[in-house]
Amino acid sequence: MELVHFCFPSSRRRACPEPWKASRGQTLPTKIAAVVQGLARPTRPGADSSPHVTSRPATPTLWHWGVASRGGRAAIGREVGPAACARRERGMGVWPDRPERAAIGLRRVGGVTTGGRPRVGPEAAGVQAASRAPESRRPGPRSCTRCCPRRHEPLQGVQVPAHGGSAVPPRDLVTDLDFSPFDDFLLATASADRTVKLWRLPASGQALPSGPGLLLGPEDAQVEVLQFHPTADGVLLSAAGRAVKVWDATKQQPLTELATHGDLVQGAAWSRDGALLGTTCKDKQLRIFDPRAKPEAAQSTPAHENNRDGRLVWTGTQEHLVSTGFNQMREREVKLWDTRLFSGALTSLTLDTSPRSLMPLLDPDSGLLVLAGKGENQLYCYEAAPQQPALSPVTQCLLESALRGAALVPRRALAVMGCEVLRILQLSDTAIVPISYHVPRKTAEFHEDLFPDTAGCVPASDPHAWWAGSDQQVQRVSLHPARRAHPSFTSCLAPPAEPTPATARPAGTPVGDSDPSEGFSSPPSSLTSPSTPSSLGPSLTSTSGIGTSPSQRSLQSLLGPSSKFRHAQGTVLHRDSHITNLKGLNLTTPGESDGFCANQLRVAVPLLSSGGQVAVLELRKPGRLPDTALPTLQNGVAVTDLAWDPFDPHRLAVAGEDARIRLWRVPPEGLQEVLTTPEAVLTGHTEKIYSLRFHPLAADVLASSSYDLTVRIWDLKVGAERLRLQGHRDQIFGLAWSPDGQQLATVCKDGRLRIYEPRGSSEPLQEGPGPEGARGARVVWVCDGHYLLVSGFDSRSERQLLLYSAEALAGGPSAVLGLDVAPSTLLPIYDRDTGLVLLTGKGDTRVFLYELLPESPFFLECNSFTSPDPHKGFILLPKTECDVREVEFARCLRLRQTSLEPVAFRLPRVRKEFFQDDVFPDTAVSWEPALSAEAWLGGANGQPRLLSLQPPGMTPVSQAPREAPARRAPSSVYLEEKSDQQKKEELLSAMVAKLGNREDPLPQDSFEGVDEDEWD
């Protein structure tokens, strides 16, 4: 392993150090650890104040991250390679008194890496590793648009070997790591070689160590869990296999070994006072130990019904702890326990069904619990209240990129003057992103109700005193900035090297004399202000959330552009417009097909019954379908794709598994009977067809792709193949015509993206790298045909978007955006008029909306649409179907298991009585061809006719008269003009008006009675 030491310039230093670079051809060992110092605000004028570290591999290999936390530094465990998979990782840590420092551990598995050059400097905004990749393919500057949209200052670093020299076998995998809660420079790592290593990290200007300062072990099994004691310096907890040991690191001997567990230990944690120890095990038991009293468990209880990975964390008290795991239905759950009533959980919470375990991050002072899952795009925040008892939901934070690890920044590093009550470091594929939780207050002062005293950094005892029975606690310190002079501590473990005179500085002095809370600062969010900590629940939110307030919009204007569609709302229309009682849908169409198709008149839906039947439904006749069989189109073979002719609403093209394309003619009044004979049959492909695309401008031109690895272009007027495109080496995932109809793009399973000029050559005009994953992909032309948007998967099966310049495919994508982890391919639906792309997959419940730009930041996120149940298909209807008066800019059809429902996307506007011409530009007449098939095949080009969507009688909002703002007198002025008697009379009159007039007759007075003589 090698340690690489990087240094960021301090926020108050103007010097820009020269970046460290490895010489070309330098041999890098297989295991790398990096220590990053100085995560502080950039000093370049106009730069954002929120830092992050970028790290992106240039080779398409599998990267795994993990995070462990302490104080104000960050440590990241990372390994690379198809065979590398650490079972337990926490990955990132932060030191309390050095928030400007961070540590990153990287690992390369599978031999010695050669020919690469880690690039650190202006050309790479962070830490990057590139191996066996040409210079032109190395990534450029990357940034997190939410927390740091601009480039950062360059890095500098030195490199020395450690962890066994320059060649480490793949078994030396870092499995866990933890920082000392007292010594800012002490890091412990556990690895697959069954040992625990303690590292003394150098101060600024000192050389990195050539090896660990202390070694514990080896153990009988791989060490999976590692944690320092919270009150005694030199006491360490480790779990390997079924054994849990408590170490005296000063003597390099175990103090005790706890009783053997029934299965593999999954998690272990000290209580906050250091007296008890809790473990979770694969045998589904939660155990509590008093290691100084006896090695056997003091208490044990069934925790979670499923034996999948479980975690635990203690609250601020000795009696309560939180565990995460899975129930019998494989749903993730969280439980709150009381050691005094250990037979059952005080309360439990069930979240969702997911294969990824939850990492609990709990702040003992505030009681805020953050739940994070690797590979997910969401953080859950709860308030753990043992006195209630309850786990109260606080907020949910949506992340821009998938989470690879998370760490809790201790309270000593928080920006207390900004009322920052919690900060999480999110580890993504390319960045460390700080996510802050703020409670806004009107006054910029220290609020003692939000920030009680917290544990300091001086240990209360040593291993000998603690083992003898000392329960002395760490002295608590104030977070008030005026009393921030906290004493520093240096552990006797792994003694530090003597600093050079040029770089020596007093211990405990922050780099650049900056406030510790400035290390990982991030833009605060504007929220409703609570008055007490107990009101955190309804008011607390995250800076990474979607919700926006006026002050957040002003913040966004400082950070970068925002979309005018960011507040778009998707709404399912009234049930009267639904088509219900659908039966026998075919849900097994190929992934290359949208599943169904529609035009402004009809919907074609493949059915599961034999014979390749296709039902044709009339959109103008919504309601419940009859229980009897529907009239269908009988294709005779299974349907693989289908498409309506954009210029002939009565013609439907259907592709089948027999390599034939059938053209059907639906009567103008609708399908009244079963049709068995198509209007025409196109033959020529030799393998199954899976994609059909009509030309956007020329009539009677159809493109099809097949498993025979060709794309064929047909002239439907004569029913013959006219052009054939070749050059694919594997399955063609998707194809798309350019808006002008001159070019055609394909994305292939061989990992290549191609652009053809069909009338010029059968070979591709351009070719470039596509998505890394081979599970599926789609391609669509965007930004007036100047860019290509590709949806696909990366090497970890995470769904992502790649934006390419249509003029330079070979240079790779201009921007990459990771979304989430799901099995279905995202179907991109692009609206040329608004520049919006709607993204969803078969079986999804969420539709993503992004506005695409031809320049940075390329993607502007908008509000997404979420449905209660998964949909089987999602398509866009023509623009003429939108209700322009309601500012409806898109109307879609959502196919469910038994129904078809329209979804309207609308934009909230104040002056809806005016035509919103900024939302509705002139749209192309997509139902009229610009030229014939013969003309297009002959080389002619055309342009579509444009149509205004302005309804008659509506004035464009750009021409609307400006309204003068009404000036209202303050209520105090209005009240001062009246006497006390007038105020009383008005109040009394208002009360009487509410009660009604007493002189009015009662309802029963109008009832008819009976005559007196009728009474008995």
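Chemist: Let's hear about the overall build of the protein chain: which residues, and what values?
Modeler: The helix and strand inventory of the protein chain stands at six helices and 64 strands. Across the 1016 residues that make up the protein chain, the buried fraction comes to 56%. For the protein chain, the computed accessible surface area is about 42,500 Å², with 50% contributed by carbon and sulfur atoms.

Chemist: I'd like a rundown of unusual backbone geometry, residues and numbers included.
Modeler: Here the residue pair Gly217 and Pro218 is connected by a cis peptide bond, since its omega of 10° sits within 30 degrees of zero. Mapped onto the fold, Pro218 is located in the loop between β10 (214-216) and β11 (223-228). The linkage connecting Ser856 with the following residue, Pro857, adopts the cis geometry, with an omega of 10°. The topology assignment puts Pro857 in the loop between β58 (846-852) and β59 (859-866). The phi angle at Gln252 is positive, at roughly 55°, despite the residue not being glycine. Along the polypeptide, Gln252 turns up in the loop between β13 (243-248) and β14 (253-257). Despite not being glycine, Cys783 shows a phi value in the positive range, around 55°. Tracing the backbone through its elements, the reader meets Cys783 in the loop between β52 (778-782) and β53 (787-793). The class for Cys783 is buried, based on a relative accessible area of 9%.

Chemist: Tell me about the nonpolar core, and name the residues and values.
Modeler: If you look at the biggest cluster of nonpolar residues, it comprises 25 residues, and the most contacted ones within it are Leu379, Val421, Ile424 and Tyr437. Every element with two or more residues in this core is listed here: β23 (358-362), β24 (368-373), β25 (378-385), β26 (390-398), β27 (405-408), β28 (420-427) and β29 (432-438). Phe565, Phe874, Cys892 and Leu949 belong to the second largest nonpolar core, which has 23 residues in total.

Chemist: I'd like a rundown of the sheet that holds strand β36 (residues 602-606), residues and numbers included.
Modeler: The strand order across the open sheet built from four strands is β35-β36-β37-β39, with neighbouring strands paired in antiparallel fashion. Bordering the open sheet on either side are β35 (597-598) and β39 (632-634), each of which pairs with just one other strand. Looking at chain direction, β35 and β36 are connected through two bridges and run antiparallel. Opposite Ala598, over in β36, you have Val603 as the bridge partner.

Chemist: Give a description of the pattern of salt bridges that names residues and reports values.
Modeler: Two side chains carrying opposite charge are able to pair once their charged atoms lie near each other. Under the criterion given, the structure shown has 50 salt bridges. When the shortest N-O distance is used, the salt bridge between Asp183 and Arg200 registers 2.7 Å. Of this pair, Asp183 sits in the loop between β7 (174-179) and β8 (186-191) while Arg200 is found in strand β9 (residues 196-200), placing the two residues 17 residues apart along the sequence. Classification of Arg200 as buried rests on a relative accessible area of 9%.

Chemist: Describe in detail the packing of aromatic side chains, supporting the description with residues and values.
Modeler: Counting across every chain of the model gives eleven aromatic pairs. What links up through ring pairs into an aromatic cluster is the set Trp270, Trp466 and Trp467. Here Arg308 stacks its cationic end above the ring of Phe326, 4.5 Å away from the centre of that ring. Of note, Arg775 hangs over the ring of Phe793, and the distance from its end group to the ring centre comes to 4.9 Å.

Chemist: Describe in detail the side chain of His304, supporting the description with residues and values.
Modeler: The topology assignment puts His304 in the loop between β18 (297-302) and β19 (311-314). Residue classification places His304 among the buried positions, given a relative accessible area of 7%. Within polar-contact distance, the side chain of His304 engages the side chain of Glu333 at 2.9 Å. Setting aside residues up to four positions removed in sequence, His304 forms contacts with Lys284, Ser323, Thr324, Gly325, Phe326, Glu333 and Lys335.

Chemist: Explain the sheet that holds β23 to me, and be specific about the residues and the numbers.
Modeler: With antiparallel pairing, the four strands of this open sheet are ordered in space as β23-β24-β25-β26. Of all the strands in the sheet, just β23 and β26 have a single pairing partner and so form its edges. For this sheet, the mean inter-axis angle between neighbouring strands, taken without regard to orientation, is 25°. As judged from the eight bridges shared by β25 and β26, these two strands associate in the antiparallel manner.

Chemist: Describe the state of the cysteines, with residues and values.
Modeler: In the structure shown here, the tally under the stated rule is zero disulfides. In this structure Cys892 is a free cysteine whose sulfur lies 8.3 Å from that of Cys882, the closest cysteine sulfur available. Classification of Cys892 by relative accessible area gives buried; the value is 0%.

Chemist: Quick rundown of the environment of Pro202? Include the residues and the values.
Modeler: Mapped onto the elements, Pro202 comes out in the loop between β9 and β10. Counting along the chain gives 16 residues from Pro202 to Leu186, while the straight-line C-alpha distance between them is 9.4 Å.

Chemist: Explain the side chain of Asp844 to me, and be specific about the residues and the numbers.
Modeler: One can find Asp844 in the loop between β57 (836-840) and β58. The buried category is assigned to Asp844, whose relative accessible area is 10%. A polar contact of 2.8 Å, which involves the side chain of Asp844, links it to the side chain of Arg799. Engagement of the side chain of Asp844 in a polar contact is seen with the side chain of Ser824, the distance being 3.3 Å. Excluding residues within four positions of it along the chain, Asp844 makes contact with Arg799, Ser824, Leu826, Asp869, Pro870 and His871.

Chemist: If you had to explain the confidence of the model for the protein chain to someone new, which residues and values would you point to?
Modeler: Mean pLDDT over the protein chain: 76, with 73% of residues reaching 70 or higher. For residues 93-171, every residue scores under 50 in pLDDT, and the model assigns this stretch 342 contacts once sequence neighbours within four places are set aside.

Chemist: Could you give an account of the environment of Arg441, naming the residues involved and the relevant values?
Modeler: Mapped onto the secondary structure, Arg441 falls in the loop between β29 and β30 (454-455). The class of Arg441 is buried, set by a relative accessible area of 19%. Each C-alpha atom of the pair Arg441 and Gly418 lies 8.4 Å from the other, and the pair is 23 residues apart in sequence. Looking at Arg441, its side chain comes within polar contact range of the side chain of Asp449, at 3.0 Å.

Chemist: Go over the environment of Asp462 with me, naming the residues and quoting the values.
Modeler: Mapped onto the elements of the fold, Asp462 is located in the loop between β30 and α1 (463-467). Residues Asp462 and Asp248, 214 residues apart in the sequence, show an inter-C-alpha distance of 9.2 Å. In contact with Asp462, other than residues within four places in its own chain, are Ala232 and Asp233.

Cut-offs and rules
Residues numbered from 1 in each chain as written. Predicted model: local features only at pLDDT ≥ 70, side-chain atom pairs only at ≥ 80, totals over all residues. Heavy atoms only, no water. Helix = DSSP H or I, 4+ residues; strand = E, 2+ residues; numbered from the N terminus. Buried < 20%, exposed > 50% of the residue type's maximum accessible area, 1.4 Å probe, protein only. Areas by Shrake-Rupley, 256 points an atom, 1.4 Å probe, with all protein chains shown as cover. Core = buried A, V, L, I, M, F, W, Y, C linked by side-chain atoms within 4.5 Å. Pairing = 2+ DSSP bridges. Salt bridge = Lys/Arg side-chain N within 4 Å of Asp/Glu carboxyl O. Phe/Tyr/Trp six-rings, centres within 6.5 Å; stacked < 30°, edge-to-face > 60°. Lys NZ or Arg CZ within 6 Å of the ring centre and 35° of its normal. Polar contact = N/O pair within 3.5 Å; in protein donor to acceptor, adjacent residues only side chain to side chain. Contact = heavy atoms within 4.5 Å. Axes fitted to C-alpha atoms, helices over the stretch in contact; angles between N-to-C directions. Disulfide = S-S within 2.5 Å. pLDDT = per-residue confidence, 0-100.

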